[in-house]
Amino acid sequence: MAETAIWNFRQLAHHELDGFGGIGEGMSIQIAKDGRRILWLAHESAPKNFTAVDVSDPRAPKIVARRDLPQSHMRSNSLETVGDIMAVAYQTTHQGLQPAGFELFDISEPENPRSITFFDCSGPNSRGVHQLWFADGEYIHMSSGAADFRPTHPKDDQFYRIIDVRNPSKPVEVGRWWLPGTREGDSAPPPVRHPENADTGFRPHNTNVYPERPDRAYLGYIDGGLVTLDIADKAHPKMVARWDYHPPYFGFTHTVVPFFDRGLYIVSDECTRTEGADWPKLVWIVDGRDETNPVPISTCPLPPLESYMRPGARYGAHNLYENLPKPNAWKSDRIVLATYFNGGLRAYDTSNPYQPAEIGYFVPEPPARAPSGAIQINDVFVDERQIVYTVDRHAGGLYTLEMDF
Amino acid sequence: MGPQSPFAGREALPFGRRQRRARGPRLPVIAVTGFLGSGKTTLIRALLARPEGANTAIVVNEFGEIGIDQALLRASSDATVLLGNGCLCCNLRTDLQETLRALFADRSRGAVPSFERVIIETSGLADPAPVLQTFATDRALGREFHLQSLVTLVDAVAGESNLKRMAEARKQVALADRIIVTKGDLAGADATRRLVEQIAALTAAPVEIAVNGAVAPAFLLDEPSAPGRRFDLGGTAHTHDLDGIESFALTFDAPLPWGAFEQAMAVLTALRGPDLLRVKGILAVAECRGPVVVHAVQHVAHPPVELEDWPDADRRSRLVFVTRGLSREPVAQLLAAIGAVAAAAPGGS
């Protein structure tokens, strides 16, 4: 499968980002004061922090700004923008290192992002922030460690934190939640570990909050499954439900996207191992009509493992398009767009949620500099013009597409 | 999954998600018909040589017919050969349905390269009606494939005579979405013009004259626009031929209640199904925000598709009928009568 496989998408452009084409899970659109549409991208790993690309003409993307990380032992991976403020996550390779936390930037001049503040989350047991959600301009919801958090198991070093950034120069933590038993001193017993070769930790990955239910947080809790929280009182989040399907499945629940009008949750796993060692990693359709009792009803169909398994490369689910509650983001409560590493970007129609139907895919040819010789499509964003942006994890950079289904 | 589904959401979508076009996400199929020697193979080969023809799967009766240059072959199996240009060519197996099912499955599991359209070269004498029916229902191929257009080739040298003598030739023309006249250079301008006039008496489908066996790829590949554009004044474009094959269009100014339309078509199908060679249309349906595309072949109706928007400024319902021995008047009266009954029915009962 060395050639580009494309169905019901139209490729508009490909930009390898000048040799630094490894992009993580942060993709956010800013409309600059001069009207330019800027796509901010968080890099997957050092040495680059973030890159800003002018995508006003999606057929001719242009880099307008780029920043390096201060240390090689860290990564940004995740970022979000609201207006002219950008929040960038910083996670270190090991606990106890710095800088670990998030940084707020003033991006009113996209060519010249200026730091507003750095919120420190470092500590002897912390790697900082892996992922952050910043949609309303007021609160950051994130997966982070903290100086005062001592986990019962070193792999459970991140938890859910809510940070008030209404004064961007003085962010303040207003609430936090962790799976009972994962912090030392908890009365609940620690959770039963997954097998040693598949223990990826009881900690949140994505922490989504939407204006349709501002009192709810939807967490992909990695080895803990799906977790929904009542955050009406941000200081005291309470668990509403947890759906944990592993074992027998390998862990790493990644993202939960509610389709509010239809009573559904779309839930993705992350494939974290190569050669199919954690196959299958899936996108699940979950009946969420009774929020206290989520019931899985189907999964999005995937080509068999042999189709896309390559040495040194991942093939399985990862990120979803998350219906970002922002004006410059597309919304759909029927179409699922999901990234599958070597399986590329795939689109599904969930009109019949018991039988989601594949309606398109985009599997680009392997990037010239791909370390595994395979494409590893990592994340996807869709703007309100219905232009699709998707990125490669290691080398391919940015692809712009039109949906044609 | 209809609006009664617990997951339907607040917005009523009686025919499922609104689509950008009639095919929705399904793979488009272009069926090429025409008598032996009309130039089907030449036309398809010319398309494959163009960039627009990339990512096409061709289904033929015999590999020999398409005349594949051996130098283009990259790999082969019993049933499928890979061509340059990202295309593949596939032998028709026992039947078209089985062939396309196997092709779709092979594509899904990555056993053949990804393709984004299928072109079927039918055998010279084929009646196109069974091919049209194959794509009509979910139980057949209608879930994965959409018959985008039936393209009929008529060669300017033998076409005039064939159309006079052979009922199948006339049927191929009457049912077609597009007509391509080939070999005009051999027949000469006058003969070609006469043939085009002869074709226009049988169908209102667009006609293109091939040059060196080829046409602009868009004529072959683009989705046909809304039906009835050229004869939406109804009776004035009424055509008929020796076999009683007629084509006519009906338009309706007011939106149609779906239930009434469905009943009218059910009555028509029950009484005259075999003579409804093809019915296609775009309807303003009272219950829907977008227009609804309908398509039926004899007794088989495709599932309706609601579009996101109208293809042009005309918001009237338009239906095109190709029939045998069934003229416009009774069909118009039936639809009008049922429409009138529906309109007179008390609301909310």
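It should be noted that the structure appears before, not after, this text.
Everything quoted here is computed from the prediction, not taken from an experiment.

1. Side note on the overall build of chain A
- A count of helices and strands for chain A gives one helix and 29 strands.
- Relative to the 2.2 N^0.38 estimate, which gives 22 Å for 405 residues, the radius of gyration of chain A is 19 Å and therefore close to what a compact globule would have.
- Taken along its principal axes, the extent of the C-alpha atoms in chain A is 55 × 45 × 40 Å.
- When the 405 residues of chain A are sorted by exposure, 54% land in the buried category.

2. Some points on the overall build of chain B
- Within chain B, the regular secondary structure consists of 11 helices and 15 strands.
- Taken over 349 residues, chain B has a buried fraction of 42%.
- Contacts in chain B between residues far apart in sequence, at least 24 positions, make up 75% of those at least 6 positions apart.

3. Re helix H1 (residues 40–48) of chain B
- Within H1 of chain B, burial applies to Lys 40, Leu 43, Ile 44, Leu 47 and Leu 48 of chain B. Down the axis of H1 of chain B, the smallest arc covering the buried residues is 135°, so these residues share one side.

4. Examining the sheet that holds strand E1 (residues 5–7) of chain A
All names here are of chain A.
- Ordered by their spatial adjacency, four strands build an open sheet running E1-E26-E25-E24, and the pairing between neighbours is antiparallel. Among the strands making up the open sheet, the edge pair consists of E1 and strand E24 (335–339). Strand-to-strand twist of the sheet, defined as the mean angle between neighbouring strand axes without regard to direction, takes the value 25°.
- Bridge analysis of strand E25 (residues 345–349) against strand E26 (residues 357–363) gives five bridges, and the strand direction is antiparallel. By the bridge assignment, Arg 346 is partnered in E26 with Tyr 361.

5. What to know about the sheet that holds strand E19 (residues 238–243) of chain A
All names here are of chain A.
- In space, the four strands of this open sheet follow the order E16-E17-E18-E19, with antiparallel pairing throughout. Looking at the sheet topology across the chains shown, the edges are occupied by strand E16 (207–210) and E19. Between one strand and the next, the sheet's axes are offset by a mean angle of 20°, whatever the strand orientation.
- Bridge count for E16 against strand E17 (residues 213–220) is three bridges, and the pairing is antiparallel. Bridging across to E17, Tyr 210 finds its partner in Arg 213.

6. Digging into the environment of Leu 41 of chain A
- The residue Leu 41 of chain A is located in strand E4 (residues 37–43) in this model.
- Once you skip the residues sitting within four places of it in the chain, Leu 41 of chain A turns out to touch Ile 23, Gly 26, Met 27, Phe 50, Thr 51, Val 53, Val 391 and Leu 398 of chain A.

7. Brief notes about the pairing of strand E29 (residues 398–403) of chain A
Residue and element names in this part refer to chain A.
- Buried residues dominate E29, accounting for five of its six residues.
- Direction of pairing for strand E28 (residues 387–392) relative to E29: antiparallel, over a ladder of five bridges. When the bridges of E29 are listed, Ile 387 appears paired with Glu 402.

8. What about the interface of chain A and chain B?
- On the side of chain B, 16 residues touch chain A, which itself brings 23 residues to the contact.
- Of all the elements in the fold, those that place two or more residues in the side of chain A that touches chain B are E1 and E26 of chain A.
- At three residues, E1 of chain A tops the list of elements feeding residues into the side of chain A that touches chain B.
- In terms of residue class, the side of chain A that touches chain B is built from 10 nonpolar, six polar and seven charged.

9. A short note on the nonpolar core
- In this structure, Leu 41, Val 88, Ile 140, Ile 266 and Leu 337 of chain A are the most contacted members of the largest nonpolar core, which totals 116 residues.
- With 87 residues, the next largest nonpolar core counts Ile 180, Ala 214, Ala 249 and Ile 338 of chain B among its residues.

10. As for helix H6 (residues 167–175) of chain B
- Burial runs high along H6 of chain B: seven of the nine residues are buried.
- By the burial criterion, the buried members of H6 of chain B are Ala 169, Arg 170, Lys 171, Gln 172, Val 173, Ala 174 and Leu 175 of chain B.

11. Examining unusual backbone geometry
All names here are of chain A.
- In this structure, Pro 47 follows Ala 46 across a cis peptide bond, with omega equal to 15°.
- In this structure, Pro 99 follows Gln 98 across a cis peptide bond, with omega equal to -5°.
- Mapped onto the elements of the fold, Pro 99 is located in the loop between strand E9 (85–92) and strand E10 (101–106).

12. Thoughts on the environment of Met 86 of chain A
All names here are of chain A.
- In this structure, Met 86 sits in strand E9.
- Residues Met 86 and Ser 115, spaced 29 residues apart in sequence, show a C-alpha to C-alpha distance of 9.3 Å.
- Look past the residues within four positions of Met 86 in its chain and what remains in contact with it is Trp 40, Leu 79, Thr 81, Phe 105, Ile 107 and Pro 113.

Reading the values: rules and limits
- Residues numbered from 1 in each chain as written.
- Chains lettered and ligands numbered in written order.
- Predicted model: local features only at pLDDT ≥ 70, side-chain atom pairs only at ≥ 80, totals over all residues.
- Helix = DSSP H or I, 4+ residues; strand = E, 2+ residues; numbered from the N terminus.
- Rg over C-alpha atoms; globule rule 2.2 N^0.38 Å.
- Buried ≥ 20, exposed ≤ 12 C-beta atoms within 10 Å, placed from the backbone.
- Contact = placed C-beta atoms within 7 Å.
- Arc of directions from axis to C-beta.
- Pairing = 2+ DSSP bridges.
- Axes fitted to C-alpha atoms, helices over the stretch in contact; angles between N-to-C directions.
- Nonpolar A, V, L, I, M, F, W, Y, C, P; charged D, E, K, R; others polar.
- Core = buried A, V, L, I, M, F, W, Y, C linked by C-beta atoms within 7 Å.

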